[in-house]
Amino acid sequence: MGSLTLKFQGYTVEIPDGRDIKKAYVEITTFCNLNCKMCFRRFWQDKLRQMQFSDYLKVLDNFKDFPQLETVYLGGIGEPLVHPDIVEIIKETKKRGYRVEFGTNGALLNKYAEDLVNLGVDKITVSIDAPEKEVYMDIRGTDFSKVEDNVLYLQSVKKKLGKSNPEVWLEVVLMKSNIGLIENLLPLADKLGITTILMSNLMPFSKELSKEIIYDGSFDDTTFIDKLNTKIGKYRLKIIYPKFKLLTERKCQFIENNSTVIGVDMGVYPCYRLLHSYTEYIYGREKFVNKYSFGSLNEKSLFEIWNSNDYKRFRFNVKNALFPSCTDCPLENVCDFCLTSDSDCYNNTPSCADCLWYRGIVQCP
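Residues numbered from 1 in each chain as written. Predicted model: local features only at pLDDT ≥ 70, side-chain atom pairs only at ≥ 80, totals over all residues. Heavy atoms only, no water.

Peer 1: Explain empty space enclosed by the protein here, please?
Peer 2: One simple way to see leftover space: roll a probe sized like a water molecule over the atoms. For the structure on display, the rule yields two cavities of 30 Å³ or more. What the largest cavity holds in volume is close to 700 Å³. Taken together, 34 residues make up the lining of the largest cavity; nearest its centre are Cys-39, Gly-76, Ile-77, Ser-127 and Glu-171. Elements with a contribution of two residues or more to the lining of the largest cavity: strand 4 (71-74), strand 5 (99-104), strand 7 (167-174) and strand 8 (196-201). Residues of the lining of the largest cavity, tallied by class, amount to 19 nonpolar, eleven polar and four charged. In this structure, the second largest cavity encloses a volume near 30 Å³. Taken together, Ile-214, Tyr-215, Gly-217, Ser-218, Phe-219, Asp-221, Phe-244 and Lys-245 form the lining of the second largest cavity. Taken together, the residues of the lining of the second largest cavity break down into four nonpolar, two polar and two charged. (1 Å grid on protein atoms, 1.4 Å probe; cavity = no way out; pocket = protein on both sides within 12 Å on 5 of 7 lines; lining within 4 Å. Points joined across faces, edges and corners; volume = space filled by probe spheres on them. Helix = DSSP H or I, 4+ residues; strand = E, 2+ residues; numbered from the N terminus. Nonpolar A, V, L, I, M, F, W, Y, C, P; charged D, E, K, R; others polar.)

Structure representation (structure tokens):
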């Protein structure tokens, strides 16, 4: 720890230690009660795990070193509501004064609705990829009506108890099989009391799924966005759109928001993309992503890991886009650096040079 000195192109940059984490994502479980066709869990190499409550308390204790930390997002690649200690986890987090947010498939909201309202959960993002039963069943493998009823029940509990929280967002993954139905999500969102729709493009983890992407130039995103924007006033909705094309701008929300990710294994990861090991397909090109942790809370404190030279250098390089853009490089199909996320031709380890999250095409809550 201590100041890190970086020298390049005749300039010297000093990066001091910081206590500036503002948002922490904590993956309390990788188990899930569903098996959605586009989910990480179907394609990764990691074993299913659950964070022990005692370990979660250790995570919270580490947060004390970061006075700017406001939000704890309970989520990674799993369904947080399947954790047997979810109520105690939320209770302890709120007790320490943090905002609590999480994403859910909605199948268990009815079971925990009273607890979520009474404990003061701040925001819940519910994944609904289609407002049509057959398509929803194909994507999520469960009954759409049940999820719809569960969200309505949660809203009724809020009304009964005179509470405005949790605020409910809707998250949708856009793909060829559901894009024609997205317009119908607006009246559904209004019915369910949704305030915001977060849209993300599909990150395919198989060759077959890569055929579902709509950001390959075949989709008229301008007409799509304009059509939805004419209706958001009627339904009192905010829609957060992804990018549909590779643009010059590159920005990582984890870096911009001073966020970090605590994995179910107590590792400290820079983002969701590097949280697990799996194969992804970048415009049909296969790439293996190796998970990358900057340290474990079982061995070091979060303050030590956040201020390690490697993590500081990584954040600086990503913030300033000091790495190549493999995605639109003319050598992408012949360069060995494009095969994995391990490193790139700028000598970065790990590499974000092919990250579609960084291009705004894929979005996280």
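Peer 1: Sorry, what's going on with the packing of aromatic side chains here?
Peer 2: Here the distance between the centres and the angle between the planes together describe a pair of aromatic rings. This structure, assessed with the given rule, holds 16 aromatic pairs. Both rings, one in Tyr-215 and one in Tyr-283, keep their centres 5.4 Å apart while their planes meet at 85°; by these two values the pair is edge-to-face. Remark: Tyr-283 occurs in the loop between strand 12 (278-282) and strand 13 (285-289) and Tyr-215 occurs in the loop between strand 8 and helix 7 (221-229); sequence separation between them is 68 residues. Ring centres 5.1 Å apart and planes at 70° place the aromatic pair Tyr-292 and Phe-294 in the edge-to-face group. Taken together, Tyr-292, Phe-294, Trp-306, Tyr-311 and Phe-314 form an aromatic cluster joined through their ring pairs. The side chain of Lys-123 reaches across the aromatic face of Trp-169, ending 3.6 Å from its centre. Above the face of the Trp-306 ring, Arg-315 is positioned so that its terminal group lies 3.6 Å from the ring centre. (Phe/Tyr/Trp six-rings, centres within 6.5 Å; stacked < 30°, edge-to-face > 60°. Lys NZ or Arg CZ within 6 Å of the ring centre and 35° of its normal.)

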